[in-house]
Amino acid sequence: MQDIQTEYQLRISITNKKVPILVNLHGVSSFNEEAQRFVSSNQYAEITMAAAVVLDPEAGYFEHSKLLLDLFKSLNPAPYDIRVFDDIEPARAWLKTYL
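Since the model is a prediction, treat every value here as computed from it, not as a measurement. Along each chain, numbering runs from 1 in the same order as the chain's sequence is written. Predicted model: local features are reported for residues with pLDDT of at least 70 only, side-chain atom pairs are reported and counted for 80 or more only, and whole-chain, interface and lining totals are derived from all residues. Based on all heavy atoms of the structure, the side-chain values leave hydrogens and waters out of the count.

Chemist: How should the packing of aromatic side chains be read in this particular structure?
Modeler: Remark: the centre distance and the inter-plane angle together describe each pair of aromatic rings, the angle taken between the planes. Classification of ring pairs rests on two measures: the distance between centres of Phe, Tyr or Trp rings, Trp counted by its six-membered ring, which must be within 6.5 Å, and the angle between planes, read as stacked under 30 degrees, edge-to-face over 60 and tilted in between. Inspection of every chain in the model, using the stated rule, returns seven aromatic pairs. Ring centres of Tyr44 and Tyr80 lie 6.2 Å apart, and the angle between their planes is 40°; this geometry places the pair in the tilted category. With a gap of 36 residues between them, Tyr44 in helix 3 (residues 42-45) and Tyr80 in the loop between helix 4 (62-75) and strand 3 (81-85) connect regions that are remote in the sequence. With a relative accessible area of 4%, Tyr44 lands in the buried category. Put simply, DSSP marks the helices as runs of H or I at least four residues long and the strands as runs of E at least two long, and each gets a number from the N terminus on. Only protein chains enter the accessibility calculation, which uses a 1.4 Å probe. A residue is then buried if its area is under 20% of the maximum for its type, exposed if over 50%, and partly exposed in between.

Rendered as structure tokens:
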């Protein structure tokens, strides 16, 4: 949760406008409930237009990470679009549709 709050504060210090974000993950073994609620909150959505989450297929926990993110999306729907990718270029192309 600390990482997410730090990222949020950094983004607020740069701009308070809604922007699309690219999230690079190299394997997620857990995603705690507090963090899930925060990234699904209206507060987080005030500065988040869309999120492209890129999972590294070479990193550990790839299938586990994908399952966790799919579960998160179904149980804690965010008020912005979230897509999961396994390659950064399609993620960037998708995010550009929000600009």
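Chemist: Please clarify how the sheet that holds strand 3 should be interpreted in this entry.
Modeler: Strand pairing within a sheet occurs via backbone hydrogen bonds; the two strands may be parallel or antiparallel. Across the sheet, which stays open at both edges, the three strands sit in the order 1-2-3 with parallel pairing between neighbours. Of all the strands in the sheet, the pair left with one neighbour each is strand 1 (19-25) and strand 3. Each strand of the sheet is rotated relative to its neighbour by a mean of 15°, with strand direction disregarded. When DSSP finds at least two bridges between two strands, those strands are taken to pair. Relative to strand 2 (residues 48-55), strand 1 is paired through seven bridges, and the arrangement is parallel. Counterpart to Asn24 in the pairing with strand 2 is Val54. The contact definition used throughout considers only heavy atoms, calling two residues in contact when any of these lie within 4.5 Å. The angle between two axes is taken between their N-to-C directions and runs from 0 to 180 degrees, where each axis is a line fitted to C-alpha atoms and a helix contributes only its stretch in contact. Contacts from helix 5 (residues 88-96) reach strand 1, strand 2 and strand 3, with the element oriented near 170° to strand 2.

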